[in-house]
Amino acid sequence: MSGWCSASHSFGAVDNFERPRRPLRKVIDMPLLDRTLLGPGPSNPYPEATAALSAPLLGHLDPEFLRVLDETCARLRRAWGTENARTLPLSGTGSIGMEAAFANFARPGDVVVVGVNGLFGERMVEVAGRYGAEVVRVDHDWGTPVDTERVLAAHPEPSMVAAVHAETSTGVRSDIRELALAVHKRDERALVLADCVTSLAGIEVAIDAWDVDIAYSGTQKCLGVAPGLAPFTVSPRAWDRRVPRPPTWYLDLNLIGAYVDGSSGGRTYHHTAPVAMITSLHAALGRILDEGLEAVWERHQAAGARLHEGLAELGLSLFAAEGYRLPELTTVRVPEGVDSAKTREALLTEYGIEIGAGVGAFASSVWRIGLMGHNARPDRVELVLGALGRVLGRR
Ligand SMILES: *Cc1c(COP(=O)(O)O)cnc(C)c1O
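Predicted, not measured: the structure shown is a model, and the values here were computed from it.

## Some thoughts on the overall build of the chain
When its secondary structure is counted, the chain shows 13 helices and 14 strands. Over its C-alpha atoms the chain spans a radius of gyration of 22 Å, differing by no more than 12% from the 21 Å that the globule rule assigns to 395 residues. Expressed as lengths along the three principal axes of its C-alpha atoms, the size of the chain is roughly 60 × 55 × 50 Å. Buried residues in the chain amount to 53% of all 395 residues. A separation threshold of at least 6 residues defines the contact pool for the chain, and within that pool the share at least 24 residues apart is 70%. In the form shown here, the chain has an accessible surface area of approximately 18100 Å², with 53% of it arising from carbon and sulfur atoms.

Written as C-alpha cells, this is what we have:
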C-alpha cells in the first residue's frame, strides 16, 4: 500500500492489528541526534523557543494564553516594522502564508504580476493561478534579483504585484522597498505582496516604511522556531480590498480575525490555535527583540560575510549575483568533479551538519548553506567551513 505515511517513512509499527515490536512510547528508535541544521530550513531553534515548548499546555481560550497571543501579535508588529492591526501568526508553515495571501486578496480574473527569480516565485505563480488570478509572470535568471522596471513594464494596471524578498532557492535578495514604492507611485490602489519567509528577523524588513501591503513569513527560518506557523500582516489598504468570502474556509482571514482580535469583545472559536507553537514563537520573538532587531540583522550580516570569505578561501565560488547575496542563505557552486550528494552525506554522517542541495536545474551543481536565527553565529560558520574543507580534502 502506498499511503501518505508509507512504511519506509515510519519510525515504528504502523499496523494497528500487529503487535508492535517495541513499546509505542519509544516510537523514535534512535538516539537523540543533535544536528546542526545549516540548510535552507528548518534551522536550530533559539533555546528560548525550545524551552517554551515544554511549558504546561494552556487552553486556546484561557485568558493567560490569550495574553500570550496578543503579545505575540504585538511582538510580530515590531519585527515586521508595522502598525498594521491585522498582524497575526497563521496556523501552518510558511506556505500557508502564500496560500492565505492569494486566497484573501486575489479575485478570479484579477491581474497579478509575479516577479519570478527562483522556486518560490514559481510557486506564487502556481498558487495565484489556482485562485483564479490572471497571472503575468516576469521571469528572471535564477541567481539574479527581481528587476523593478521589468515588473512595472509587464502590465499597466495590475491589481497586485508579488515577489519574494529573500529567494531561498538561489540565495538572492530583491529590493522590495524599491518595488513597492514604485508600484504605489504609479497606482496607489495596487497591492504589493512580499514573501518574507527567509528575510524576517534575518535581514531588514520594514513593512510600513516600504509601503508593503501583504507579507507572510515562516517560523522555521530566521525566526528560530520549529516549522508550524506563518506570521502574516495586512495593511489597511489591502484589508479594504479583501475578498469578502474567500474560497477557503480554514484560511478565511475574516473568520480567523474574529478569534485573534479580541478588541471587538468576544473571541469566536474558529480552529484551535496551535498553543504550544504560538508560545514558542512568543519566546523567540522576546529573545530577538531583547537582542534588538538591528543587532540581529548585524549578526546575520557578519556571519554571512565570514562564510562567503571562508568559502572563497577554500577555493569555492558563490552562485548568487554579487551585491544581492543573502547573508542567511548562501549558494555555493559544487566544484568540478565533486559529488554533491556524497559531500552532503559525509557532512551529515561524519559531522552532524545538514546543508541543502540546489533546486531545479541547479539540484546537483549548487549547495545551499543557511545561517539562520540561532545559527547566525561565528562558531557555526567555522564549524561548517572546517567540516566542508575536510570533506573536500582542502584542509
Ligand atoms: C521556506 C520558504 C517557503 C515555504 O515555507 P514552508 O515553511 O516550507 O512552508 C516560502 N517561501 C520562501 C522564500 C521560503 O524560503
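## As for the pattern of salt bridges
Overall, the coordinates contain 18 salt bridges when judged by the stated rule. A salt bridge links Glu 313 to Arg 306, with the nearest nitrogen and oxygen atoms 3.6 Å apart. Through salt bridges that share partners, Glu 48, Arg 287, Glu 291 and Arg 299 make up one connected network.

## Let's talk about unusual backbone geometry
Cis geometry is adopted by the peptide bond preceding Pro 42, which originates at Gly 41 and carries an omega value of 0 degrees. Among the structural elements, Pro 42 can be located in the loop between β1 (36–37) and α1 (47–53). Look at Asp 211: it is not a glycine, yet its phi comes out positive at around 65 degrees. Tracing the backbone shows Asp 211 in the loop between α7 (207–210) and β9 (214–216).

## Remarks on helix α12 (residues 340–351)
Its 12 residues place the ends of α12 16 Å apart at the C-alpha level, agreeing with the 16 Å of an ideal helix rising 1.5 Å per residue. Every buried residue of α12 is listed here: Ser 340, Thr 343, Ala 346 and Leu 347. Buried residues of α12, viewed axially, fall in a sector of 130 degrees; they line one side. Summarising the geometry of α12, the exposed residues directed more than 90 degrees from the buried face are Lys 342, Glu 345 and Thr 349. The N-cap residue of α12 is Asp 339: its side-chain oxygen and the backbone nitrogen of Ala 341 are 3.0 Å apart. Phi turns positive one or two residues past the end of α12, at Gly 352, with a value near 65 degrees.

## A look at the sheet that holds strand β13 (residues 356–357)
Strands pair in a sheet through their backbones, by hydrogen bonds, and they do so in one of two ways: parallel or antiparallel. In space, the 3 strands of this open sheet follow the order β11-β14-β13, with antiparallel pairing throughout. The strands lining the two open edges of the sheet, one partner per strand, are β11 (329–333) and β13. Where β11 and strand β14 (residues 366–370) come together, 5 bridges link them in antiparallel fashion. Bridge pairing links Leu 329 to Gly 370 in β14.

## Some details on the packing of helix α10 (residues 275–291) against helix α11 (residues 293–313)
Helix packing for two helices is described by the angle between their axes and how far apart those axes are. Running from amino to carboxyl end, α10 crosses α11 at an angle of 90 degrees, the nearest separation of the two axes being 5 Å. In terms of axis orientation, α10 runs roughly perpendicular to α11. Across the interface between the two elements, Arg 287, Ile 288, Leu 289 and Glu 291 of α10 pack against Leu 293, Ala 295, Val 296 and Arg 299 of α11. In terms of residue class, the contact of α10 with α11 is built from 5 nonpolar, no polar and 3 charged.

## Looking at the layout of surface pockets
A probe as big as a water molecule, rolled over the atoms, marks out the empty space that is left. What the largest pocket holds in volume is close to 380 Å³. Considering the residues around the largest pocket, the lining is formed by 18 residues, among which Ala 85, Arg 86, Gly 257, Val 260 and Asp 261 are closest to the centre. The greatest single-element share of the lining of the largest pocket, amounting to 5 residues, is contributed by helix α9 (residues 253–260). Of the residues assigned to the lining of the largest pocket, the class counts are 7 nonpolar, 7 polar and 4 charged.

## What to know about the UniProt feature "binding site: substrate" (unreviewed entry) in the chain
Mapped onto this numbering, the UniProt entry gives "binding site: substrate" (unreviewed entry) at Arg 368. As for its position among the elements, Arg 368 is in strand β14. At 2.9 Å, the side chain of Arg 368 and the backbone oxygen of Thr 168 are in polar contact.

## Concerning the nonpolar core
The biggest cluster of nonpolar side chains holds 88 residues, and the ones touching the most others in it are Phe 102, Phe 105, Met 124, Met 160, Leu 193, Ile 214 and Phe 232. Beyond its immediate stretch of four places on either side in the chain, Phe 102 contacts Val 112, Met 124, Val 127, Ala 128, Tyr 131, Met 160, Ala 162 and Leu 193. By size, the runner-up hydrophobic cluster in this structure holds 22 residues, among which are Leu 311, Leu 316, Val 384 and Leu 392.

## Here's the deal with empty space enclosed by the protein
Enumeration according to the criterion identifies 2 cavities of 30 Å³ or more in this entry. A volume near 80 Å³ is recorded for the largest cavity. Taken together, Leu 69, Pro 89, Leu 90, Ser 91, Ile 256, Tyr 259, Val 260, His 271, Ala 273, Pro 274 and Ile 278 make up the lining of the largest cavity. When contributions to the lining of the largest cavity are tallied by element, the ones reaching two or more residues are β2 (86–91) and α9. Across the lining of the largest cavity, the residue classes tally to 9 nonpolar, 2 polar and no charged. One number sums up the size of the second largest cavity: a volume of about 40 Å³. Lining of the second largest cavity is provided by Gly 171, His 308, Leu 318, Ala 320, Arg 325, Leu 326, Leu 329, Thr 330 and Thr 331. A total of 3 residues in the lining of the second largest cavity trace back to one element, the largest contributor, which is β11.

Calculation rules
- Residues numbered from 1 in each chain as written.
- Predicted model: local features only at pLDDT ≥ 70, side-chain atom pairs only at ≥ 80, totals over all residues.
- Heavy atoms only, no water.
- Helix = DSSP H or I, 4+ residues; strand = E, 2+ residues; numbered from the N terminus.
- Rg over C-alpha atoms; globule rule 2.2 N^0.38 Å.
- Buried < 20%, exposed > 50% of the residue type's maximum accessible area, 1.4 Å probe, protein only.
- Contact = heavy atoms within 4.5 Å.
- Areas by Shrake-Rupley, 256 points an atom, 1.4 Å probe, with all protein chains shown as cover.
- Salt bridge = Lys/Arg side-chain N within 4 Å of Asp/Glu carboxyl O.
- Expected span 1.5 Å × (residues − 1).
- Arc of directions from axis to C-beta.
- Polar contact = N/O pair within 3.5 Å; in protein donor to acceptor, adjacent residues only side chain to side chain.
- Pairing = 2+ DSSP bridges.
- Axes fitted to C-alpha atoms, helices over the stretch in contact; angles between N-to-C directions.
- Parallel < 35°, antiparallel > 145°, perpendicular 65-115°, else oblique.
- Nonpolar A, V, L, I, M, F, W, Y, C, P; charged D, E, K, R; others polar.
- 1 Å grid on protein atoms, 1.4 Å probe; cavity = no way out; pocket = protein on both sides within 12 Å on 5 of 7 lines; lining within 4 Å.
- Points joined across faces, edges and corners; volume = space filled by probe spheres on them.
- UniProt positions renumbered as here; feature names shortened; annotations may be inferred.
- Core = buried A, V, L, I, M, F, W, Y, C linked by side-chain atoms within 4.5 Å.

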